[in-house]
Amino acid sequence: MKRLKIAMMSMTHGHTRKYYDVLKNNPKLEWVAVSTENEVVKANFLNAVEGIPCYDSDEAMLDAHPEIEAVVIASDNAKHYSQMKLLAERKIDILSMKIPTFDMEEYEKIEKLIEENGIICQVELECHYNPVTVRFKEQLASGKLGKLYAFNARNTTLSPVWAFPWQGVPELSYGKRVPIKEGNPRFRGGALCDHPHIFDMIRWIADSEFDYVFAHVAPNLRHDLEEEDMLSVVGKMKNGVTFSLDPSWSNMEERIKVPGPGWELYPKRMEVYMTANCENGSVVADLFGPNVCHNGAPNDRYTVQYTYFDEWVGLIDEFVENIRLRRQPKINLAWHKNTIRVMNAVYESIATGKPVKL
Amino acid sequence: MSILQEKLDFLLDKYAVANKATLTEDGKCVTVAGKTYPILPWRSERRFAELKKMVDTKTVGSISHFKIMSLNPKTVALDEVLLRELDTAEFIGSLAVTQIFKAENGPAASVICMTDKEAVITLELSNNLKEGAEVIDKHEIITDRGTACDRAMDSQTPLYSLYVYGEETAEYTDVDFELYGLTAELVAIVRGAFDIAKNPALGEENQAVYNRLLSLVEAASLSAEKCENVIL
């Protein structure tokens, strides 16, 4: 198969670094260039990766490299639409970060752009390319545990806002400044906007769509943050499966500017747990376990390090095949729309104090 | 005489407690001086006593989110699990539930509560394990100064104090020298009953707590039935 000529844009997203290895080492890819949004991310990139041309604007990169076939958009959520428009007009295929946009009118405009220009747009939801997820689904599909009654999951992490400041700005994360609820000084755009995975995963596991959600925002752990960092969501799918989902930033962090050793204050950066409660028992999974631990440098503090980092391998393999075969991605815009809808419904439930029917 | 009553009598005798105390057959209540009181045995579990101490002494900060997972055998009623875990959260966190919302489906329930201190409690409950199965639970208190938990930081399920890897494997958790041989759950029943025998006022307190917990469980049922957030 011909190597896919790929580029990256902006480099401000928290997942940017996850692509370095796979873009350099996947034999199906030829990493052509990157465009960086500011001097800070440019310096970070140049420190981390050698030999890839780096441009100060998206247009300059695309003009200089008409051979680019696909782009990973690694920017804040507010820039996704304009960058997708730029790429669609040039018939360049897109790998979008996990939130194309929270504005449903804008979402439809993106869908139209992609369709009219006949390009592929895959949404990055990397948990699908995790072997524990595969095993989890297999266990349920085997039928041994009987009917699924409930799915509970957490996707909790440290807060990335100190290293990736746009995630702390409501306009850049949520797309606009919306108070989270009356009388509460915080705004939409925090932890929920960072963690769509579990809202997507339940749709696959339960094989059903959301019926209703009910959510509470909890007091922030980081008092100086203007967005929510703790929330909890429960509800039901249309087939009756109940759920409890936790997308919080509950793992506290050191406020360092560049992610690296010592980022953890809570011993673990990220926890993705899933539990299925079935007729004849339960499946309890840790998508990143088992782990290793240490209490050495730099802070001599108990630190847990997960050992699985390879989700991007499978994700990129699928992306390349989708492009070569002109095949709809598993996580395409049409599928992903209901995940974004339910995340907006969570915010609505927090604001109104009532369950929101979907 | 049941082993639990034997152990209780042993403690009463050893510590020369004047009151006689008789456990009910199901071990949920104890009769002292002619009055029967709910034991609320989970309050006597060492792990919960230590977690409560961490909150009370401000080892951890203000609670933001109290998360509980509890998988139970089919023989335990789901409302019983809900009652126990609501009390666990309120008791350890010194919280009072002010709003409750429950979604339930067969042997599973997801419950979310708002409290008087604005901390959120989430309960992920089930009674779908086979008869006789050990309860698998986790209690996690996330605060603005650290997290307290009754499970290892990197684990969702219980560890044991002793493992046997022979021709057959076995695990044991022994938590009480005086009551050696009883599981932690049974130890808590005996200790809870013993505390009431020593101090019947605690029994009166437990009764009031229990009555309030019943009303919370009832509110949760109403919430599930009407798909409403019930404000108490």
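Per chain, the residues get numbers from 1 upward, laid out in the order the sequence is written. Whichever chain is written first is A, and whichever ligand is written first is 1; the rest continue in order. Local features are withheld for residues below a pLDDT of 70 in this predicted model, meaning they are given only at 70 or higher, and side-chain atom pairs are given and counted only at 80 or more; totals for whole chains, interfaces and linings count all residues. Hydrogens and water molecules were not included; the side-chain quantities draw on all heavy atoms of the structure.

**Details of the overall build of chain A**
Every helix listed is a DSSP run of H or I at least four residues long, and every strand listed is a run of E at least two residues long, numbered separately from the N terminus. Counting its regular elements, chain A contains eleven helices and 15 strands. Two things to know: the radius of gyration comes from C-alpha atoms, and the globule rule equals 2.2 Å times the number of residues to the power 0.38. Relative to a compact globule of 358 residues, whose C-alpha radius of gyration would be 21 Å, chain A shows 20 Å and is just as compact. By principal-axis analysis of the C-alpha atoms, chain A measures approximately 55 × 45 × 40 Å. Contact criterion: two residues are considered in contact whenever any of their non-hydrogen atoms come within 4.5 Å of each other. Within chain A, counting contacts between residues at least 6 apart in sequence, those at least 24 apart form 72% of the total. Counting only carbon and sulfur atoms, one obtains 51% of the accessible surface of chain A, whose full area is about 13,600 Å². Working convention for charge: Lys and Arg count positive, Asp and Glu count negative, and His plus the chain ends are omitted. A charged residue contributes its charge at one atom only: NZ of Lys, CZ of Arg, CG of Asp or CD of Glu. Across chain A, the 42 positively charged side chains and the 50 negatively charged ones have centroids separated by 3 Å. Per-residue accessibility takes into account occlusion by the displayed protein chains alone, with areas from the Shrake-Rupley method and a 1.4 Å probe.

**Regarding a nonpolar patch on the surface**
Only residues whose relative accessible area exceeds 30% and that form no salt bridge are eligible for patches; like-charged ones are grouped when within 9 Å, while nonpolar side chains (Val, Leu, Ile, Met, Phe, Trp, Tyr) are grouped when within 5 Å. Whenever Lys or Arg places a side-chain nitrogen within 4 Å of a carboxyl oxygen from Asp or Glu, that contact is recorded as a salt bridge. Where nonpolar side chains cluster on the molecular surface, the patch consists of Leu159(B), Tyr163(B) and Tyr165(B) and spans about 380 Å² of accessible area. Position of Tyr163(B) relative to the elements: it lies in strand β10 (residues 162-165).

**Some thoughts on the packing of helix α1 (residues 18-25) of chain A against helix α10 (residues 311-325) of chain A**
Residue and element names in this part refer to chain A. Angles run from 0 to 180 degrees between N-to-C directions of axes, and those axes are lines fitted to C-alpha atoms, restricted for helices to the stretch in contact. At their nearest, the axes of α1 and α10 sit 9 Å apart, and the two run at 55 degrees to each other. Taken as axis vectors, α1 and α10 run oblique relative to one another. Here α1 runs over α10; the crossing is right-handed. Seen from α1, the contacting residues are Lys18, Tyr19, Val22 and Leu23; seen from α10, they are Trp312, Val313, Leu315 and Ile316. All residues other than Ala, Val, Leu, Ile, Met, Phe, Trp, Tyr, Cys, Pro, Asp, Glu, Lys and Arg, Gly among them, are scored as polar; the first ten of these are nonpolar and the last four charged. Residues that form the contact of α1 with α10 fall into these classes: seven nonpolar, no polar and one charged. Roughly parallel here means an angle under 35 degrees, roughly antiparallel means over 145, roughly perpendicular means 65 to 115, and every remaining angle is called oblique. Note on convention: near helix rotated counterclockwise from far helix by under a right angle means a left-handed crossing. Clockwise means right-handed.

**Some remarks on the packing of aromatic side chains**
Centres within 6.5 Å make a pair out of two Phe, Tyr or Trp rings, where for Trp the six-membered ring is used; the pair is then stacked when the planes are under 30 degrees apart, edge-to-face when over 60, and tilted otherwise. Scanning the entire structure with this criterion turns up 15 aromatic pairs over all chains. A ring pair is formed by Tyr174(A) and Tyr347(A), whose centres lie 5.3 Å apart and whose planes are at 80 degrees; its orientation type is edge-to-face. Residue Tyr174(A) is located in the loop between α7 (170-173) and α8 (191-194), and its partner Tyr347(A) is located in helix α11 (residues 333-352); the two are separated by 173 residues in the primary sequence. Comparing Tyr174(A) with Tyr347(A) shows no difference in burial state: the two are buried. A connected cluster of aromatic rings, assembled from ring pairs, spans Tyr20(A), Trp31(A) and Phe45(A). Our definition puts a charge over a ring when NZ of Lys or CZ of Arg is within 6 Å of the ring centre and also within 35 degrees of the ring normal. Across the ring face of Phe187(A), the terminal group of Arg177(A) is positioned such that the distance to the ring centre comes to 4.7 Å. The residue whose ring lies beneath Lys52(B) is Phe91(B), and the NZ or CZ to ring-centre distance is 4.9 Å. When accessible area is computed with a 1.4 Å probe and restricted to protein chains, residues below 20% of their type maximum are described as buried, those above 50% as exposed, and intermediate ones as partly exposed.

**Thoughts on helix α3 (residues 78-93) of chain B**
Residue and element names in this part refer to chain B. Expected helix span is computed as 1.5 Å times (number of residues minus one). Its 16 residues place the ends of α3 22 Å apart at the C-alpha level, agreeing with the 22 Å of an ideal helix rising 1.5 Å per residue. In terms of burial, α3 is largely enclosed, as 14 of its 16 residues are buried. At the exit of α3 stands Ser94, carrying a positive phi of roughly 50 degrees.

**Remarks on the side chain of Asn291(A)**
By secondary structure assignment, the location of Asn291(A) is in the loop between β12 (281-286) and β13 (292-294). Its relative accessible area of 16% is what places Asn291(A) among the buried residues. What Asn291(A) contacts, discounting residues up to four positions off in sequence, is Lys268(A), Asp286(A), Val304(A), Gln305(A), Tyr306(A), Thr307(A) and Asp154(B).

**Observations regarding the sheet that holds strand β11 (residues 270-278) of chain A**
Residue and element names in this part refer to chain A. Strand order in this open sheet of seven strands is β12-β11-β7-β10-β9-β8-β15, and the pairing throughout is mixed. Only two strands of the sheet have a single neighbouring strand rather than two, namely β12 and β15 (356-357). Sheet analysis places β11 next to β12, joined by six bridges and oriented antiparallel. Opposite Tyr273, over in β12, you have Asp286 as the bridge partner. Across the sheet, helix α6 (residues 131-141) lies against β7 (148-157), β11 and β12, angled at about 175 degrees from β12, the strand it touches most. In this fold helix α9 (residues 197-206) packs onto β7, β8 (210-217), β9 (231-237), β10 (242-246) and β11, with an angle of close to 160 degrees to the strand it touches most, β7. At least two DSSP bridges between two strands are needed for those strands to be called paired.

**Brief notes about the interface of chain B and chain A**
If you look at the interface, chain B gives 42 residues, while chain A gives 49 residues. Of the roughly 3,300 Å² buried at the junction of chain B and chain A (both faces included), carbon and sulfur atoms supply 58%. Run the count over chain B and chain A and you get two salt bridges. Here Glu140(B) ties to Arg154(A) by a salt bridge, and the two come within 2.6 Å at their closest N and O atoms. Pairs of N or O atoms within 3.5 Å make up the polar contacts considered here, provided that, within protein, one atom can donate a hydrogen while the other can accept it, and that residues adjacent in sequence are counted only when both atoms are side-chain atoms. Viewed at the interface, chain A and chain B are joined by 16 residue pairs in polar contact (both at pLDDT 80 or more). Going through the elements one at a time, β4 (63-73), β5 (97-105), β6 (108-115), β7 (120-129) and β8 (136-143) of chain B are the ones with two or more residues in the side of chain B that touches chain A. No other element matches the seven residues that β7(B) contributes to the side of chain B that touches chain A. Split by residue class, the side of chain B that touches chain A holds 18 nonpolar, 15 polar and nine charged. When two components associate, each loses some accessible surface as probed by a 1.4 Å sphere; the sum of these losses over both components is called the buried area.

**Considerations on the domain arrangement of chain A**
Residues and elements named next belong to chain A. When cut into domains, chain A gives domain 1 (4-125) and domain 2 (127-308 + 332-357). The gap between the C-alpha centroids of domain 1 and domain 2 is 24 Å. Taken residue by residue, the interface counts 25 residues in domain 1 and 27 residues in domain 2. Between domain 1 and domain 2, a total of about 2,400 Å² is buried, with carbon and sulfur atoms accounting for 63% of that surface. Across the domain 1-domain 2 interface, the total number found is three salt bridges. At the junction of domain 1 with domain 2, the criterion picks out twelve residue pairs in polar contact (both at pLDDT 80 or more). Taken together, the elements giving at least two residues each to the side of domain 1 that touches domain 2 come down to α5 (104-117) and β6 (121-123). Per-element accounting of the side of domain 1 that touches domain 2 gives the leading share, six residues, to α5. Residues belonging to the side of domain 1 that touches domain 2 are distributed by class as follows: eleven nonpolar, eight polar and six charged. The source of the domain bounds is an automatic or database domain assignment.

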